[in-house]
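# Architecture and fold: a report
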Amino acid sequence: FAIWLSIVGYTSEVSTCLMNYRWYLIETLEGNWVGFSLVNMLVVLSWAYRIILFAYLLVWEIIPRTSLYVEKKQLLTFIIMFMGHAIIGLLSLYWLRIMCRGGLKSLLTFNKKKKNKCADNGSAVTFSFGDDIGRDTCSRDSSSERKGKKSTYSPLHIVQTGIDEAKGWVDGTLFLNREKTA
């Protein structure tokens, strides 16, 4: 059962290859191309397959085996397996919703977006997770401004620094500051 479950689960990773190729096309294409539409449709189909697969695995393969795990006193294994499949299934549903929120036209056509330019430093953000999910990356302080602030080691400051750094990874400003220092 474990080997079969693993093999079936790995088939859901087809969507990862397609998403990487889609990202490459978004970064390199200059205009609309029919191949982009084909890749987008394959991505949507693979994510829909992934959602159906994880729902099937939970309902017809994992949940019916609950008594076996209880009998062998392997509840932690069962909980991790159940929660892992449930969480990945829900996240897949969320990302499919984000991919399809622009409708069929946005899936079938490619429009080159302008690179995000932040008003505070004037340099282009070369890579940004925030742009990909529609977040405004210029609305917050840049990492260079945070570096000039006086450093303290209070727990609140450490947590805030972690949050700021995470936002820097999302909106791309962390990449800019590392390029400048290199």
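Our structure's up above, just so we're on the same page.
Quick look at the structure, then. (Residues numbered from 1 in each chain as written. Predicted model: local features only at pLDDT ≥ 70, side-chain atom pairs only at ≥ 80, totals over all residues. Heavy atoms only, no water.)

Let us now look at helix 1 (residues 2-11). Listed in full, the buried residues belonging to helix 1 are L5, V8 and G9. Along the long axis of helix 1, the arc covered by the buried residues comes to 100 degrees, so they all point the same way. Opposite the buried face of helix 1, by more than 90 degrees, sit the exposed residues I3, I7 and Y10. On its buried face, helix 1 sits against helix 3 (34-62) and helix 5 (75-100). (Buried < 20%, exposed > 50% of the residue type's maximum accessible area, 1.4 Å probe, protein only. Helix = DSSP H or I, 4+ residues; strand = E, 2+ residues; numbered from the N terminus. Arc of directions from axis to C-beta. Contact = heavy atoms within 4.5 Å.)

Right, let's talk about the side chain of R22 for a bit. Tracing the backbone shows R22 in helix 2 (residues 14-28). For R22, the side chain forms a polar contact with the side chain of N40, separated by 2.5 Å. (Polar contact = N/O pair within 3.5 Å; in protein donor to acceptor, adjacent residues only side chain to side chain.)

Attention now goes to the pattern of salt bridges. Enumeration according to the criterion identifies two salt bridges in this entry. Residue E13 pairs with R50 through a salt bridge whose shortest N-O separation is 3.8 Å. Taken together, the positions of E13 in the loop between helix 1 and helix 2 and R50 in helix 3 put the pair 37 residues apart, joining distant regions of the chain. A residue is classified by how much of its surface remains accessible, and E13, at 35% relative accessible area, is partly exposed. Its relative accessible area of 9% is what places R50 among the buried residues. For E61, the salt bridge identified is with R65, shortest N-O distance 3.7 Å. (Salt bridge = Lys/Arg side-chain N within 4 Å of Asp/Glu carboxyl O.)

Another point: the environment of Y49. Within the element layout of this structure, Y49 appears in helix 3. With relative accessibility at 37%, the residue Y49 sits in the partly exposed group. For the pair Y49 and T11, spaced 38 residues apart in sequence, the C-alpha separation works out to 9.5 Å. Residues within four places of Y49 in sequence aside, it is in contact with T11 and S12.

Our next topic: a nonpolar patch on the surface. A grouping of V70, L75, I79, M83, I87, L91, Y94 and W95 is seen on the molecular surface, where their side chains present a nonpolar patch of about 730 Å² in accessible area. Element by element, the count of residues in the nonpolar patch is highest for helix 5, at seven residues. On the accessibility criterion, L75 (46% relative accessible area) is partly exposed. (Patch = residues over 30% accessible without salt bridge, like charges linked within 9 Å, V, L, I, M, F, W, Y side chains within 5 Å. Areas by Shrake-Rupley, 256 points an atom, 1.4 Å probe, with all protein chains shown as cover.)

An ideal rise of 1.5 Å per residue puts 24 Å on 17 residues; helix 9 (residues 155-171) measures up with 24 Å between its terminal C-alpha atoms. Three or more residues of helix 9 are buried, namely D164, G168 and D171. The arc enclosing the buried residues of helix 9, seen along the axis, measures out at 80 degrees, which places them on a common side. (Expected span 1.5 Å × (residues − 1).)

With 13 residues, the main nonpolar core has L25, L29, F36, V43, W47, L96 and M99 as its most contacted residues. Those elements giving two or more residues to this core turn out to be helix 2, helix 3 and helix 5. No other element matches helix 3, which puts six residues into this core. When neighbours within four sequence positions are excluded, L96 is seen to be in contact with V44, W47, A48 and I51. (Core = buried A, V, L, I, M, F, W, Y, C linked by side-chain atoms within 4.5 Å.)

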